[in-house]
Amino acid sequence: MITVALLLVHTASAATYTLPGVRQAATARAIEVEQAAAAADAADAQAVSVRAGALPSIVGSASGSVGAGFTAFGFPRPVQRQLGVGVDASWLLVAPETWAAASSARLTAEGRHAMQAWTQVTARARATELYTAVLAAQKELAARQTALVDATEAEKAVQALVTTGIRPPSHAAQARASLATVHAELANAEWVAHARCAELQALLREPADAAPQCVLAEVDWAPPKEGPASHPALDAAAMALAGSEANKKSAVMALVPTLGLSAGAAWYRADQGGGPGWSAGADLAVPLFASGSAKSQITVAEAQVRSTRLALEAQELQLRVALRTATIRLKAAEQGVAARQVALDAAQEALDMVKARYSAGMDSLTDWLTSRQARDAAAVALARAEAERGAAHAALESARGVGGT
């Protein structure tokens, strides 16, 4: 059953992906996202359970007993058989400690939901980063394959010139060495491309082949999206602070009296007849002495408040720095891609000229090999610059709190 709008088509051992589809799949299916959702569900249930402790409770009951002889106190047993059916009700009418605990549980649940939203933000950023890393690895692989074609043609051309005596034998050896180097670089680029593809499939929780291959659609980069008014990470930290303050209040309220009401009604049947009966009562509990436990709980709660307040401040500072640096990083990455493209075009132009001049005997073999290596390096640098642009784009949207597609 398809649960996410991920464009995924299996053809042989390859899979085709789009960036929006990968983002949506990651924010819905990544393990950390589902773990956060489970934690949020558990916190919701816990909040309901704590809140229920302060609400009225009605319990149905039925009882029966049979006996004969004397009671444990030495009196003749007044009734040998007894049956009863009824209901019992209770209500903590005044329960400040329970109320504060319920508030803390509710805030904890809200914080868990904020953490779930935060994991979706990080999963989206990770999906973007991995997608562009796979794309860059594949472009680097393509550059190495082009280099192999060029190096093979060069080795054949040089060998032909050496055979005719136009060039010395050392040129043939140099060409073979260059070709071997390209083979090694191509082998390395192949495993890197497979590894990046496997990492992407692992994020999406998809099985990977022994040699995974991903077919990726090109990315039409739009300006980074704006995030929500409040970053989920800040929401989570703020809820943690509010929850710790509620915990402190609950610890203090443990010293406040509580008032409980109870009532019961039943129909009884005994040896000599039966009929209805009822009872009602009130229970006032006033803490008088609790050694040092209550004070220590308050001290612990106060320390937790200080800790969570500092955590909130730290999160604010981290996001502020992350937003500033990510903005600068993306600008530099975009400029880097443009510059690397110019460098690649120039390197290709230089290689074409040197290749022609070598054939005409105007340039050396070293010039030719150096020019080809420069072209290859420029192509690889462009691919890596594009990966950096994707990572910078992901970092900026993450700092803004962007989730979803």
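These lines cover the structure that appears in this document, whether it is placed above or below. It should be emphasised that the depicted structure is a prediction, and the values quoted were computed from it without experimental measurement.

1. Notes on the environment of A236
Okay, step 1: Within the secondary structure, A236 is located in helix α5 (residues 232-253).
Okay, step 2: In this structure, the C-alpha to C-alpha distance between A236 and E153, residues 83 residues apart in sequence, is 60 Å.
Okay, step 3: Among residues more than four places away in sequence, those in contact with A236 are G111, A114 and M115.

2. Notes on the state of the cysteines
Throughout this description, disulfide means a covalent bond between two cysteine sulfur atoms.
Okay, step 1: On inspection of all chains with the given rule, the structure shows one disulfide.
Okay, step 2: The disulfide that involves C197 links it to C214, with 1.9 Å between the sulfurs. In this structure the cystine formed by C197 and C214 twists about its S-S bond by roughly 80°; its chirality is therefore right-handed. With a gap of 17 residues between them, C197 in helix α4 (residues 169-203) and C214 in strand β5 (residues 213-216) connect regions that are remote in the sequence.
Okay, step 3: The exposure class assigned to C214 is buried, which follows from its relative accessible area of 6%.

3. Focus: the packing of helix α2 (residues 31-52) against helix α3 (residues 96-163)
Geometry of a packed helix pair, given as the angle between the helix axes and the separation of the axes.
Okay, step 1: Across the interface, α2 lies against α3 with an axial gap of 8 Å and an inter-helix angle of 170°. Relative to α3, the element α2 lies roughly antiparallel. The chirality of how α2 crosses α3 is left-handed.
Okay, step 2: Residues that form the contact of α2 with α3 fall into these classes: 14 nonpolar, seven polar and five charged.

4. Comments concerning the environment of L186
Okay, step 1: Topologically, L186 is positioned in helix α4.
Okay, step 2: Separated by twelve residues in the primary sequence, L186 and A198 have C-alpha atoms spaced 19 Å apart.
Okay, step 3: Aside from chain neighbours lying at most four places away, what touches L186 is L141, R144, Q145 and L148.

Each value, and the rule that gives it
- Residues numbered from 1 in each chain as written.
- Predicted model: local features only at pLDDT ≥ 70, side-chain atom pairs only at ≥ 80, totals over all residues.
- Heavy atoms only, no water.
- Helix = DSSP H or I, 4+ residues; strand = E, 2+ residues; numbered from the N terminus.
- Contact = heavy atoms within 4.5 Å.
- Disulfide = S-S within 2.5 Å.
- Buried < 20%, exposed > 50% of the residue type's maximum accessible area, 1.4 Å probe, protein only.
- Axes fitted to C-alpha atoms, helices over the stretch in contact; angles between N-to-C directions.
- Parallel < 35°, antiparallel > 145°, perpendicular 65-115°, else oblique.
- Left-handed = near helix turned anticlockwise from the far one by under 90°.
- Nonpolar A, V, L, I, M, F, W, Y, C, P; charged D, E, K, R; others polar.

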